[in-house]
Amino acid sequence: MNAVRRWRDGGGTLRIAASGTHGSSTYGSSTNGSTTYGSSTPGEPPPSIPLEIAASYRARTRGLLGRDGLDGALLLTPATSVHTVRMRFAIDVAYLDRRLRVLAVRTMPPGRLGRPRLRARHVLEAEAGAMERWGVRRGVRLEIGME
């Protein structure tokens, strides 16, 4: 029997557990000095991506509002949709089911309302382009480590 996970606000790490197709992308330092994370090569453990968890109503409501960027990702739980009204930058949004399998990935510019996903239980947000670099796409299962 599966135990129900109780999420709390805080930090953690995100890993790509399994993917449908394998490709390799690189990760390391980018030209602007920020760290980028990508899928690992076959036989190598997947990289850990810094993660913020927003499980309380207050943390989910705040989300990425008032920020100029994000290093890593933000997990909103429980959540079935998001918006980018009053946001300062475009974001990638991954809708996750209860087993942390990616249902869909979308890029949303500022000022948009996302459509709710019926099977979604969590929403993962990151800066636009990050999900593609990490290898997050439909069908991929994610793992979350708590700090």
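Before reading further, recall that the structure is shown in the block above.
What you are looking at is a predicted structure, and each value in this text was computed from that prediction instead of being measured. (Residues numbered from 1 in each chain as written. Predicted model: local features only at pLDDT ≥ 70, side-chain atom pairs only at ≥ 80, totals over all residues. Heavy atoms only, no water.)

A. Structural context of the pattern of salt bridges. Applying the stated criterion to the full structure yields three salt bridges. A salt bridge links E52 to R67, with the shortest nitrogen-to-oxygen separation between them at 2.8 Å. Residue E52 is found in strand β4 (residues 49-54), and its partner R67 is found in the loop between α1 (57-62) and β5 (73-76); the two are separated by 15 residues along the sequence. Judged by relative accessible area, E52 falls into the partly exposed class, the value being 29%. Assessed through its relative accessible area of 24%, R67 is described here as partly exposed. The partner of R88 in a salt bridge is D68, and the shortest N-O contact between them spans 2.9 Å. Of the two residues, R88 sits in the loop between β5 and β6 (91-96) while D68 sits in the loop between α1 and β5, which places them 20 residues apart along the sequence. (Salt bridge = Lys/Arg side-chain N within 4 Å of Asp/Glu carboxyl O. Helix = DSSP H or I, 4+ residues; strand = E, 2+ residues; numbered from the N terminus. Buried < 20%, exposed > 50% of the residue type's maximum accessible area, 1.4 Å probe, protein only.)

B. A look at the side chain of D97. Within the element layout of this structure, D97 appears in the loop between β6 and β7 (102-108). Here D97 sits buried without a salt bridge, and the closest side chain of opposite charge, R119, lies 4.5 Å off (N-O distance). Separated by 2.9 Å, the side chain of D97 and the backbone nitrogen of R99 make a polar contact. Once residues within four sequence positions are removed from consideration, D97 is found in contact with L103, R119, R121 and H122. (Lys, Arg positive; Asp, Glu negative; His and termini not counted. Polar contact = N/O pair within 3.5 Å; in protein donor to acceptor, adjacent residues only side chain to side chain. Contact = heavy atoms within 4.5 Å.)

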